[in-house]
Amino acid sequence: MNTTLRRAVVATAAVSITLSMAACGKKSVDTGKSTAADVNQGFRIGLALPENQTTRYEAVDRPQIQTRLKALCPKCQLDYENAGQNANTQEAQLNTLISDGDKVIIVDPVDYQAIQPSIEKAHAAGIKIVSYDRLAQGAVDGYVSFDNTQVGKEQAQGLLDALGGRVAPSTPVVMINGDSADPNAAQYKAGALSVLRGKVRIAAEYNTPGWQADEASKEIDNAINRLGKSNIAAVYSANDGMATGIVNTLLADHLSTLPPISGQDAQLDATQRIVAGLQSFTIYKPYAVEADTAAQMAIELATGQPLEVADSTVSSATNKGIPAKLVATTIMDSKNIRQTVIADGLYTVDQICTTQYAADCARIGLK
């Protein structure tokens, strides 16, 4: 585990110990509604995730949050909802969580603006809100995510490193960004452009509805038709799911050598593409640390404890100075797979190095 991640995990453990002590008799902050004793009595906690196409949500976020909440509050009940990438569905789900009497809701918004009325309704009902991964507008009480601008910078730097000696102001790069309804997408893009601008030429740029792989496939196909496949030196893909569509389309066009392609999320299939040399790198985001932190923040808010897990603040268009924790990220390429996703237990060598990828794993010393 790298130093940054180790510190994050240690911090997570320290907060857990603090909360356990609080449950055993530490005097709580008097909010008039909740006390640390509620951890022993139990209460309802809502978890509203945005979609299930991206593998992380069901494979990591949901089970990790559930496990951590169970450890911190054994008698608490988790009410889980997944919106399937539909903002209207998520609005209805939040209404259900509000009606069910959840004391705190962890929500990753499908649409950070459209969700504001639901956030305000929850706030009016005395429900605390942890905005998870994406910052929702409205009366949010705490925010847990990654430094999204820094992620974009890491993506851009990874592309420049992969281009090597081909970096020049005239070098054509296709930029395939995420969904414009997702505030994170704009932050990734801004971070990436702050590094790429003046060093390469953005020859074509797209915003991808729903972060869908098939939409990204259409976009790279459009770029090929506009620019010619020999005039694409690199492809900025904002995440691994879209990189899947991009790589498949480029392979279908029979490119003898794929250009450098970025990603984000360290999905298993992306890790295997990196092993095989089909994707240059991804951004490894330690979701387990993010999920643990969100669970702890939820318990702290619900029980009226100080937000010890937060170490910074962020602001939205509607709310300033929101207590926040931004977890550090890492560029992951073929050289540090063992030190990232394997060391942190996200995947095993056997999960990555299936029969199809065994020779590639041996080539890079992974197996």
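Before any of the text, the structure's been laid out above.
A quick note: this is a predicted structure, and the numbers were derived from the prediction, not measured.

A. Local environment of the pattern of salt bridges. For the coordinates displayed, the defined rule picks out 16 salt bridges. Across the salt bridge formed by D100 and R44, the nearest N and O atoms sit 3.8 Å from each other. Residue D100 is found in the loop between α4 (87–99) and β3 (104–107), and its partner R44 is found in strand β1 (residues 44–49); the two are separated by 56 residues along the sequence. What makes D100 partly exposed here is its relative accessible area of 34%. Two residues, D333 and K335, come together in a salt bridge whose shortest N-O distance is 2.9 Å.

B. Just the sheet that holds strand β6 (residues 172–177), in detail. Taken together, three strands build an open sheet; the order of strands is β7-β6-β8 and the sheet is parallel. Each end of this open sheet is capped by a strand with a single partner; those strands are β7 (201–207) and β8 (234–237). Within the sheet, the average angular offset between the axes of one strand and its neighbour, ignoring direction, is 15 degrees. Across six bridges, the pairing between β6 and β7 is parallel. Opposite V174, over in β7, you have A204 as the bridge partner. Packing of helix α7 (residues 183–196) onto the sheet brings it into contact with β6, β7 and β8, and relative to β6 it is tilted by some 165 degrees.

C. Spatial organisation of the state of the cysteines. Applying the stated rule across the entire model yields two disulfides. The connectivity of the disulfide bonds within the chain can be written as 1-2, 3-4, using the sequence rank of each bonded cysteine.

D. Local environment of the packing of helix α3 (residues 56–72) against helix α11 (residues 287–302). Interhelical geometry of α3 versus α11 gives an angle of 40 degrees and a closest axis separation of 8 Å. The angle between α3 and α11 places the two elements in the oblique class. The interaxial crossing formed by α3 with α11 has right-handed handedness. Residue-level contacts link R56, V60, D61, Q64, I65, R68, L69 and L72 of α3 to Y287, A288, E290, A291, D292, A295, Q296 and I299 of α11.

E. Examining the pairing of β1 more closely. Across the six residues that make up β1, a large majority, five, are buried. As paired elements, β1 and strand β2 (residues 77–82) share six bridges and run parallel to each other. By the bridge assignment for β2, R44 is matched with Q77. Crossover handedness for the path β1 to α3 to β2: right-handed. The pairing of β1 with β3 spans four bridges and is parallel. Bridged to I45 within β3 is V104.

Conventions we followed
- Residues numbered from 1 in each chain as written.
- Predicted model: local features only at pLDDT ≥ 70, side-chain atom pairs only at ≥ 80, totals over all residues.
- Heavy atoms only, no water.
- Salt bridge = Lys/Arg side-chain N within 4 Å of Asp/Glu carboxyl O.
- Helix = DSSP H or I, 4+ residues; strand = E, 2+ residues; numbered from the N terminus.
- Buried < 20%, exposed > 50% of the residue type's maximum accessible area, 1.4 Å probe, protein only.
- Pairing = 2+ DSSP bridges.
- Axes fitted to C-alpha atoms, helices over the stretch in contact; angles between N-to-C directions.
- Contact = heavy atoms within 4.5 Å.
- Disulfide = S-S within 2.5 Å.
- Parallel < 35°, antiparallel > 145°, perpendicular 65-115°, else oblique.
- Left-handed = near helix turned anticlockwise from the far one by under 90°.
- Right-handed = clockwise from strand over helix to strand, strands pointing away.

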